[in-house]
Amino acid sequence: MAHLYHFNFHSSIGHHGPKRTLKHGSEKKAPKVTSPVTPETASEILAQQTTKRILRRVDLRLVPILSLLYLLCFLCRQNIGNAKTYHMTYDLHLTTQQYQIALTSFFLSYSTFDIPCNILLKKLRPSVWLPLVTLLSGIVTVCMGLVKNADQLIVVRMFLGMTECGLFPGVAYVITMWYCRREAQFRQALFFCAASMAGAFAGLLAVGLSKMDGLGGLEGWRWILIIEGLLTAVVAICSFFVVLDTPDRTKFLTKEEKEFLLRRLEVDQFGEEEDELTEAEKTRIHTDMPKSQIFKSVFTDWRIYAHILVFYGICCPLYSISLCLPSIVQELGYTSTQANFLTVPIYITACLLSLSTAYLSDRTGMRAVFIAISYATMFAGFLVAALRPGHLPGLAYAGLFIAACGLYPAFPGMITWCSNNLAPNGKRAIAMALHIGMGSFGGAMGSNFYRPQDKPLYRLGNWLNLGFVCVGGAAVAVIYYSYNKENKRREGVRAGLERELEKAVEKAGRGTEEGERLKREFVVRKEESLALEGDRSVWFRYMM
């Protein structure tokens, strides 16, 4: 059966990807079969059907549980905003400054421990690490519902950041271990849509759980935190038996199916010439890079820092909205219940737009264009909110609604664009943790944008968000220009190397032993370059 999984690939974007892409995500539809059916056409159709069937099974086993874990963790992260509308600050005697410190403390610890967490992920396996950090997040959230004063709240929020920081970069990395580059964004969007759905559920749950006010001598806002924390912990315990490891360790696929998935990922990263290597050569070439070399490659890559600026342009507005939206809407003249209900349509719409944008991005293989469109939407929304007259409070809601419709589609696109252009796997794991960890500092800033003293117009918060959107948009343009210029340079270098090979083969004689030796040496050098230099190799093509 193994021969069914072995077929030719080439890249529609450099050396990466299937030769005739398979019908999934960004992949093209199967060609119409005309009579007579050639052996090559039959093999291709069979390969496409195999890919579609296996990836559907992977999708059903991998994406739902990861999305559920992130939904619950994001719920634990932002439910403090809902609790605030039900008198949490009054019951704990919080000053405005103390509340803002509680919001900020989460992001300080969250950003600090991202890289160590991704290193632990590789040591402990996804099936252990991801449920573990979710379980700890649920326990800490329950503790947050039992705090008695501001100091306890700040400390518990800091611990919550430490427990949650391992989930998002871990899941983002795990997705790259299962899917090819042009299949990743839609899965990232499915996963990240859990964040927007968490916003919707947070509002609905807050309204319902607040009715428990007085039960057991506890205030309604405490029950919001306690019940949501307990729910997170229970699901996390169950997920220990559900979350998948890497393709080579999974048990629900046959040996041939595992080999097929691993083959696709190898071709996506190294090209079809990988098959021309012996097992000894593969083992030698693909030996893990030394940690010192990986860290040097990560911390000296200026494009990663540019991607962090793109992250800031999305993360600052995202958390300023998700943490403060119920309070902002309440200041427009609505009750606590109405304010929480009015956040639901924003998050549901943002979720749908995230999925549709990711689908189109994977189908077209374009990342920057859709990120730029999302940035333009964010800019328009915050501009409306910032310029709205005081007597038209509805424009503030409309502006934030429009901004959210750009924020949530941009987030998975930004994560996927960065991860698509990182190689090898060792660098990708560390770089994604740095990207997400440093970028999450934006949450520490964004959580302080909408200050109580600026209500009800909140002009400062809206203008600050506009500023970060402009910075992130400029970073997108710089990265796009850099990738495009570097791709053109590398195309020229590759063409030169291939011409030199052709001349050498012609001189040695085509079909001769010497000619074949020269071609094989060329392939080995190419694969060594991709394995050791990763995205800095002349054979690596950046995804635009």
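Check the entry above for the structure.
Everything numeric in this text was worked out from a predicted model, so none of it was measured.

Parameters at a glance
- Residues numbered from 1 in each chain as written.
- Predicted model: local features only at pLDDT ≥ 70, side-chain atom pairs only at ≥ 80, totals over all residues.
- Heavy atoms only, no water.
- Helix = DSSP H or I, 4+ residues; strand = E, 2+ residues; numbered from the N terminus.
- Buried < 20%, exposed > 50% of the residue type's maximum accessible area, 1.4 Å probe, protein only.
- Contact = heavy atoms within 4.5 Å.
- Salt bridge = Lys/Arg side-chain N within 4 Å of Asp/Glu carboxyl O.
- Phe/Tyr/Trp six-rings, centres within 6.5 Å; stacked < 30°, edge-to-face > 60°.
- Patch = residues over 30% accessible without salt bridge, like charges linked within 9 Å, V, L, I, M, F, W, Y side chains within 5 Å.
- Areas by Shrake-Rupley, 256 points an atom, 1.4 Å probe, with all protein chains shown as cover.
- 1 Å grid on protein atoms, 1.4 Å probe; cavity = no way out; pocket = protein on both sides within 12 Å on 5 of 7 lines; lining within 4 Å.
- Points joined across faces, edges and corners; volume = space filled by probe spheres on them.
- Nonpolar A, V, L, I, M, F, W, Y, C, P; charged D, E, K, R; others polar.
- Polar contact = N/O pair within 3.5 Å; in protein donor to acceptor, adjacent residues only side chain to side chain.

## Here's the deal with the overall build of the protein chain
Counting its regular elements, the protein chain contains 20 helices and zero strands. For the protein chain, the residues scored as buried account for 58% of the 544 residues in total. Across the protein chain, contacts joining residues at least 24 apart in sequence account for 81% of those joining residues at least 6 apart.

## Considering the pattern of salt bridges
Scanning the model with the defined rule gives 20 salt bridges in all. One network of salt bridges, in which partners are shared, links R53, R57 and E257.

## Overview of the packing of aromatic side chains
Each pair of aromatic rings is reported with the distance of its centres and the angle of its planes. For the structure on display, the rule yields 18 aromatic pairs. Ring geometry for Y70 against F74: centres 5.7 Å apart, planes inclined by 55 degrees, an arrangement best described as tilted. Placement of the pair is Y70 and F74 together in helix α1 (residues 39–84), with a separation of four residues, close to one helical turn. Across the pair, F74 and Y70 agree in class, each one buried. Seen in terms of ring centroids, F311 and F411 are 5.3 Å apart; in terms of plane orientation they differ by 80 degrees. Their pairing is edge-to-face. Linking F311 in helix α13 (residues 302–330) with F411 in helix α16 (residues 393–420), this pair joins segments that are 100 residues apart in sequence. A residue is classified by how much of its surface remains accessible, and F311, at 1% relative accessible area, is buried. Overall, the relative accessible area of 3% leaves F411 in the buried class. Cluster of aromatic residues (ring-pair linked, three or more members): Y70, F74, F106, F107, Y110, F168, F311, Y319 and F411.

## Quick word on a nonpolar patch on the surface
Together, F113, V155, M158, F159 and M162 make up a nonpolar patch on the protein surface, roughly 420 Å² of accessible area in all. Assignment of secondary structure puts F113 in the loop between α3 (96–112) and α4 (114–124).

## With respect to empty space enclosed by the protein
Counting across every chain of the model gives four cavities of 30 Å³ or more. Around the second largest cavity, the lining residues are D301, R303, I304, H307, C418, N421, L422, Y483, D535 and Y542. Here the lining of the second largest cavity is composed, by residue class, of five nonpolar, two polar and three charged.

## A word on the environment of D248
Structurally, the position occupied by D248 is in the loop between α9 (220–239) and α10 (255–270). Under the relative-accessibility criterion, D248 is labelled partly exposed at 47%. In the structure, D248 is positioned ten residues away from K258 in sequence and 6.0 Å away in space, judged by C-alpha atoms. Once you skip the residues sitting within four places of it in the chain, D248 turns out to touch K258 and L262. A polar side-chain atom of D248 sits 2.6 Å from a polar atom in the side chain of T246.

Everything listed is a geometric property; what it means functionally is a separate question.
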